[in-house]
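# Notes for the structure review
One letter stands for each residue in the lines below.
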Amino acid sequence: AQSVTQLGSHVSVSEGALVLLRCNYSSSVPPYLFWYVQYPNQGLQLLLKYTSAATLVKGINGFEAEFKKSETSFHLTKPSAHMSDAAEYFCAVRGPGSARQLTFGSGTQLTVLP
Amino acid sequence: NAGVTQTPKFQVLKTGQSMTLQCAQDMNHNSMYWYRQDPGMGLRLIYYSASEGTTDKGEVPNGYNVSRLNKREFSLRLESAAPSQTSVYFCASSVPGQGREGGSGYTFGSGTRLTVV
């Protein structure tokens, strides 16, 4: 079965600092990996996805993630944090089942300090 | 706007009451899903429907039933609500996950916040 682990349930950064949110996955087949963002009282919005094309994936709002098979990681980064980036972020893996349902990590709450 | 619509947005139930959460999508997606979100636990899959006419249990199906009414609609029913079912419920839809389309993400509704007292 596939799974993801997000290291750090809460991450705080200063505005303008590097954002690094960590995600490690486990999958019995080559995975499809996703990052979603959830703003308060809203649903989840797709930030970016890895589908075995390029290992460095660029998403919306200046975020990117790098797929590293040797490390089974898919960490999310942004060079310079903005106050509007404050939200909860979820890493997810799409597995091999009949509907290839998404399995989510437990989430990382990002706080951006002025 | 195209997307996933969930109703109601908020609901308070007494223990033992029943209710149905409604979900509809207008993107012609084959697959639909129900998740619950609890603090510190991410989203956990309750039930899913890979295509019209099929439904399957996810990770946490106990206490719930679903109906795939047609291609657009996928409802979640709580027959006898319990305080442990207090949560935020999300419906999502996607194209089937096979082959190249496995790289497609989900489109989520805005959620139903349910409190059982």
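The sections below set out a description of the structure shown in this document. Sequence positions are assigned chain by chain, starting from 1 and proceeding in written order. The lettering of chains begins at A and the numbering of ligands begins at 1, in the order of writing. In keeping with the predicted nature of the model, local features appear solely for residues at pLDDT of at least 70, side-chain atom pairs appear and are counted solely at 80 or more, and the whole-chain, interface and lining totals rest on all residues. For side-chain calculations, the full set of non-hydrogen atoms in the structure is used, while hydrogens and water are omitted.

### Quick look at the packing of aromatic side chains
All names here are of chain A. The criterion, for reference: Each Phe, Tyr or Trp ring (for Trp, its six-membered ring) is paired with any other whose centre lies within 6.5 Å, and the angle between the two planes then decides the class: stacked below 30 degrees, edge-to-face above 60, tilted in between. Secondary structure elements follow DSSP: runs of H or I of four or more residues count as helices, runs of E of two or more count as strands, with numbering from the N terminus. Residue burial is assigned from relative accessible area. The probe radius is 1.4 Å, only protein chains are included, and a residue is buried under 20% of its type maximum, exposed over 50%, and partly exposed in between.
On inspection of all chains with the given rule, the structure shows 17 aromatic pairs over all chains. Where Tyr 36 meets Phe 104, the ring centres are 5.9 Å apart and the plane angle is 55 degrees; that geometry is what we call tilted. One end of the pair, Tyr 36, is in strand β4 (residues 32-38); the other, Phe 104, is in strand β10 (residues 102-104), with 68 residues separating them in the sequence. For the pair shown, Tyr 36 and Phe 104 are each scored as buried.

### Quick word on the sheet that holds strand β7 (residues 64-68) of chain A
Residues and elements named next belong to chain A. Keep this limit in mind: Any two strands with at least two DSSP-identified bridges between them are counted as paired. Working convention: axes come from line fits to C-alpha atoms, limited for helices to the stretch in contact. Angles between N-to-C directions cover 0 to 180 degrees.
A sheet is described by the order of its strands in space; here 5 strands give the open sequence β1-β3-β8-β7-β6, paired in antiparallel fashion. Only two strands of the sheet have a single neighbouring strand rather than two, namely β1 (3-7) and β6 (56-58). In this sheet, adjacent strand axes meet at a mean angle of 20 degrees when their direction is disregarded. In this structure, β1 lies alongside strand β3 (residues 19-26), joined through 5 bridges in antiparallel fashion. Residue pairing for β3: Gln 6 is matched across the bridge by Cys 23.

### Regarding unusual backbone geometry
Glycine aside, the phi torsion of most residues is negative, and most peptide linkages are trans. With an omega of -5 degrees, the peptide bond running from Thr7(B) to Pro8(B) counts as cis. In this fold, Pro8(B) is placed in the loop between β1 (4-7) and β2 (10-13). The phi angle at Asn61(A) is positive, at roughly 60 degrees, despite the residue not being glycine. Residue Thr72(A) is not a glycine yet carries a positive backbone phi of 45 degrees.

### So, the state of the cysteines
Two cysteines whose sulfur atoms are joined by a covalent bond form what is called a disulfide. All names here are of chain A. Put simply, the rule reads: We call a pair of cysteine sulfur atoms a disulfide when they lie within 2.5 Å.
Enumeration over the complete set of coordinates arrives at 2 disulfides over all chains. Through a disulfide, Cys 23 is tied to Cys 91; the S-S separation comes to 2.0 Å. The sign of the S-S torsion, about -60 degrees, decides the handedness of the disulfide formed by Cys 23 and Cys 91: left-handed. With a gap of 68 residues between them, Cys 23 in strand β3 and Cys 91 in strand β9 (residues 87-94) connect regions that are remote in the sequence. Its relative accessible area of 0% is what places Cys 23 among the buried residues. Residue Cys 91 is classed as buried on the basis of its relative accessible area of 0%.

### Points about the layout of surface pockets
Defined as follows: A pocket, in this scheme, is an open set of points on a 1 Å grid over the protein atoms alone with protein on both sides within 12 Å along at least 5 of 7 lines, while a cavity is a set where a 1.4 Å probe fits but cannot get out; residues line either one if an atom lies within 4 Å of a point. Grid points are joined across faces, edges and corners, and a volume is the space filled by probe spheres set on the points. Only Asp, Glu, Lys and Arg are considered charged in this grouping, and only Ala, Val, Leu, Ile, Met, Phe, Trp, Tyr, Cys and Pro are considered nonpolar; every other residue, Gly among them, is considered polar.
The calculated volume of the largest pocket comes to roughly 460 Å³. Lining the largest pocket are 25 residues, with Gln38(A), Asn41(A), Gln37(B), Val88(B) and Arg113(B) positioned closest to its centre. Of all the elements in the fold, those that place two or more residues in the lining of the largest pocket are β9 of chain A together with β9 (87-94) and β11 (112-116) of chain B. The space that makes up the second largest pocket amounts to roughly 210 Å³. Breaking the lining of the second largest pocket down by element, the ones donating at least two residues are β10 of chain A together with β5 (43-49) of chain B. Tallied by class, the residues present in the lining of the second largest pocket amount to 6 nonpolar, 4 polar and 3 charged.

Functional significance is not addressed by these values, which are geometric in nature.
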